[in-house]
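Coordinate analysis (summary)
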Amino acid sequence: MSRNDGKELKMKLFTNKNNGWENLSDDELKDIFQYADEYMYYLNNSKTEKEIVHNSKEILLKNGFVDISEIDELKAGDKVFYVNRGRCIYAAVIGTDDLEDGFKIVAAHCDSPRIDLKQNPLYEDNGLAMLKTHYYGGIKKYQWTNIPLSIHGTVVKPDGEKINICVGENEDDPIFTISDLLPHLAQEQMERKLKDGVQGEELNVLAGSIPYDSDEVSERVKLNILQLLNERYGIKEIDFMSSEIELVPAFKAKSMGFDYSMIAGYGQDDKVCCYAALRAILDVETPKKTAICVITDKEEVGFNGVTGMYTRIFDTFVLELLEKTGNTSPISLDKAFSNTRALSADVDAAYNPNYASAFEKNNTAYLNKGMTVVKYTGSKGKSGASEAPAEFVAELRKIFDDANAKYQSCELGKVDKGGGGTIALTLANRGMDVLDVGVPVMGMHSPYEITSKFDVFQAYKGYRAFLK
Ligand code: MN
Ligand code: MN
């Protein structure tokens, strides 16, 4: 055998793990960068789950989708959506097949790790107004100190009035921060384990420092802040009780690297997949199988609750699709689910050269090598795993290959190093075939997560091919 034969044989037998940027046409490059710009725009305007749902609904409306409550009978080609409590959105394009024969679902989540205000947040400490917080999702707490934070949320008053608050996103807005201890006095703190370096009750936000102009009362700085909030929003301290207020990084998503190849931005887990799933369903005209795009809440805290992916509200939406297409048998829903194929559209950990030993190089995701295909999640002995059947993985490989959407097979880090789960099991438990397909992210759950523009675009191409 000549050397040349070896080259060809290798090409034939080895898995292609090339860098995705190699051999791209000018048109492909243009599409990738344009899509990335549009995605960053969405990201910068959608930092919380409610903002995602609001902006996604606007995009759906502009593209011919209507609220499902406005239609009594559905037929192939109809496009509908349902908003669950402003925190989830389910969109569907009705297919030509009977709905009992199953759906194609792409499901992503709109909640991201963040810092929530507690329900009694405001206090004064030595002339400084402070806010108590309770972090949401799995964060390394020290990463959230000394960075600019913006405040987003809603206060609901007993009469039903809703007040939206968003401070810190505009150029001339003030921002907020959690101040860490200076190194000079941190000798004791530096002896702590990293996981306790900053503790939950130390994540208090600095929120003001001017006292109310009177020497008759105590807690004058707190009073001054409450007066400001009362003037601006008409709220009192007790109103925080019925509020949802989140602190998120105030900085904008940006292109990263001299070559502009990457995106750094907050909340790409899992807004990168929300956007790809949304863009994908916009391209679906009249599919064979009814196509569904799910953007769900509460993934980061275990999928539970009325807006998590375990919610029966999703089943109710599907039942409505069935009913409005004439499928009224009591087992229609179970039949449809058992014939359904779904993608759990969520991110996976990308190899990080700074921490190479956390990754098993043969099975980790890398930036620029395409969508992540994760056959199983879970930790240790695949505990808590949702594992896709090999048959379904094979079917997906065909779809992605035909669409020229590049993918890589991976799992999250080394065995026994940790692990994680996605909403895949909530769908699989309903009787669907489910595979995790997402985007590699470096620095996941940090305030500034990193993706590759190449990979971000592959997810859109892959989801689109699957739904069509
Ligand atoms: Mn996720
Ligand atoms: Mn996550």
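What you see is a predicted model; the values in this text were computed from it and never measured.

Helix and strand counts for the protein stand at eleven helices and 22 strands. Here the C-alpha coordinates of the protein stretch approximately 90 × 65 × 45 Å along the principal axes. Nonlocal contacts in the protein, meaning residues at least 24 apart in sequence, comprise 75% of its contacts between residues at least 6 apart. When the accessible area of the protein is evaluated, it comes to approximately 22,700 Å², of which 50% is carbon and sulfur surface. Side-chain charges in the protein split into 55 positive and 72 negative, and the spacing between the mean points of these groups amounts to 5 Å.

Domain boundaries assigned for the protein yield domain 1 (16-112 + 266-467) and domain 2 (114-249). Inter-centroid distance (C-alpha atoms) of domain 1 to domain 2 is 33 Å. Listed by partner, the interface residues are 17 residues for domain 1 and 15 residues for domain 2. Summed over both partners, the interface of domain 1 with domain 2 comes to about 1,300 Å²; 48% of that surface belongs to carbon and sulfur atoms. Taken together, the connections running from domain 1 to domain 2 amount to four salt bridges. Close ionic contact of Lys 47 with Glu 169 constitutes a salt bridge, the shortest N to O distance being 3.1 Å.

A few words now on the pairing of strand β12 (residues 262-265). Of the two faces of β12, the one lined by Met 262 and Ala 264 and the one lined by Ile 263 and Gly 265 are each fully buried. The pairing of strand β11 (residues 254-256) with β12 spans three bridges and is antiparallel. Pairing of Lys 254 across the sheet is with Ala 264, part of β12. What sits between the antiparallel neighbours β11 and β12 is a turn of five residues, in which Gly 257 has the positive phi angle 95 degrees. Pairing between β12 and strand β22 (residues 449-452): four bridges, direction antiparallel. Directly across from Ile 263, in β22, lies its bridge partner Thr 451.

As a further point, take the nonpolar core. Ranked by size, the top nonpolar core spans 59 residues in total, and within it Leu 60, Ile 281, Leu 343, Phe 400, Leu 435 and Tyr 463 carry the most contacts. Sequence-distant contacts of Phe 400, defined by excluding residues within four places in its chain, comprise Leu 343, Met 371, Val 373, Ala 405, Tyr 407, Val 437 and Gly 462. Within the second largest apolar cluster, 32 residues are counted, among which are Leu 99, Phe 103, Ile 105 and Val 318.

Protein-derived coordination of the manganese ion (ligand 2) comes from Asp 269 (OD), Glu 300 (OE), Glu 300 (OE) and His 445 (NE2), at a distance range of 2.0 to 2.6 Å. The motif formed by the donor residues of the manganese ion (ligand 2), counted along the single chain, is D-x30-E-x144-H. The metal-metal distance between the manganese ion (ligand 2) and the manganese ion (ligand 1) is 3.3 Å, with Asp 269 serving as a donor to both. Separated by 145 residues along the polypeptide, Glu 300 in the loop between β13 (290-296) and α7 (312-324) and His 445 in the loop between β21 (440-441) and β22 bring together distant segments of the chain. With respect to class, Glu 300 is no different from His 445; both count as buried.

With that settled, the discussion passes to the sheet that holds strand β2 (residues 79-84). The nine strands are arranged β1-β2-β3-β13-β4-β14-β20-β16-β18 in an open sheet whose pairing can be described as mixed. Strands at the two margins of the open sheet, each flanked by one partner only, are β1 (66-67) and β18 (407-409). Alignment of strand β14 (residues 341-344) against strand β20 (residues 433-438), held across four bridges, turns out to be parallel. Along β20, the bridge assignment pairs Ala 342 with Val 434.

Our next topic: the sheet that holds strand β10 (residues 243-249). Taken in spatial order, the six strands make up an open sheet running β8-β7-β10-β5-β6-β9, and their pairing is antiparallel. Two strands in the sheet have a free side with no partner beyond their single neighbour: β8 (162-167) and β9 (205-208). Strand after strand, the sheet turns through a mean of 30 degrees between neighbouring axes, direction not considered. In this structure, strand β6 (residues 128-136) lies alongside β9, joined through three bridges in antiparallel fashion. Within β9, the position partnered with Met 130 by the bridge is Leu 206. Sheet strands in contact with helix α5 (residues 220-233) are β5 (114-125), β6, β8 and β9, and its direction is about 125 degrees off that of β5.

What follows concerns the side chain of Lys 47. You can see Lys 47 is positioned in the loop between α2 (26-45) and α3 (49-62). Within the local environment of Lys 47, its side chain forms a polar contact with the side chain of Glu 169, the two groups lying 3.1 Å apart.

This part is about the state of the cysteines. The tally for this structure, following the rule as stated, stands at zero disulfides. Cysteine Cys 274 shares no disulfide, and the gap to the nearest cysteine sulfur, in Cys 110, comes to 5.6 Å. On the basis of relative accessible area, Cys 274 is assigned to the buried category, the value being 0%.

Protein-derived coordination of the manganese ion (ligand 1) comes from His 109 (NE2), Asp 269 (OD), Asp 346 (OD) and Asp 346 (OD), at a distance range of 2.1 to 2.6 Å. Between consecutive donor residues of the manganese ion (ligand 1), the sequence gaps follow H-x159-D-x76-D. When its relative accessible area of 2% is taken as the criterion, His 109 is described as buried. Taking relative accessible area as the criterion, Asp 346 reaches 7% and is therefore assigned buried.

Secondary-structure assignment places Ile 225 in helix α5. Judged by its relative accessible area of 12%, Ile 225 falls in the buried class.

The interhelical angle for the contact between helix α6 (residues 268-282) and helix α11 (residues 453-467), taken along N-to-C directions, is 40 degrees, at an axis separation of 8 Å. Judged on the interaxial angle alone, α11 and α6 are oblique. Crossing of α6 against α11: the hand is right-handed. Note on element contacts: α11 touches α6 through Val 456, Ala 459, Tyr 460, Tyr 463, Arg 464 and Leu 467, opposite Val 272, Cys 273, Ala 276, Ala 277, Arg 279, Ala 280 and Ile 281.

About the thresholds
- Residues numbered from 1 in each chain as written.
- Chains lettered and ligands numbered in written order.
- Predicted model: local features only at pLDDT ≥ 70, side-chain atom pairs only at ≥ 80, totals over all residues.
- Heavy atoms only, no water.
- Helix = DSSP H or I, 4+ residues; strand = E, 2+ residues; numbered from the N terminus.
- Contact = heavy atoms within 4.5 Å.
- Areas by Shrake-Rupley, 256 points an atom, 1.4 Å probe, with all protein chains shown as cover.
- Lys, Arg positive; Asp, Glu negative; His and termini not counted.
- Charge placed at Lys NZ, Arg CZ, Asp CG, Glu CD.
- Domains from an automatic or database assignment.
- Buried area = accessible area lost by both parts, 1.4 Å probe.
- Salt bridge = Lys/Arg side-chain N within 4 Å of Asp/Glu carboxyl O.
- Buried < 20%, exposed > 50% of the residue type's maximum accessible area, 1.4 Å probe, protein only.
- Pairing = 2+ DSSP bridges.
- Core = buried A, V, L, I, M, F, W, Y, C linked by side-chain atoms within 4.5 Å.
- Donors = N, O, S within 2.8 Å, 3.2 Å for Na, K, Ca; no water.
- Axes fitted to C-alpha atoms, helices over the stretch in contact; angles between N-to-C directions.
- Polar contact = N/O pair within 3.5 Å; in protein donor to acceptor, adjacent residues only side chain to side chain.
- Disulfide = S-S within 2.5 Å.
- Parallel < 35°, antiparallel > 145°, perpendicular 65-115°, else oblique.
- Left-handed = near helix turned anticlockwise from the far one by under 90°.

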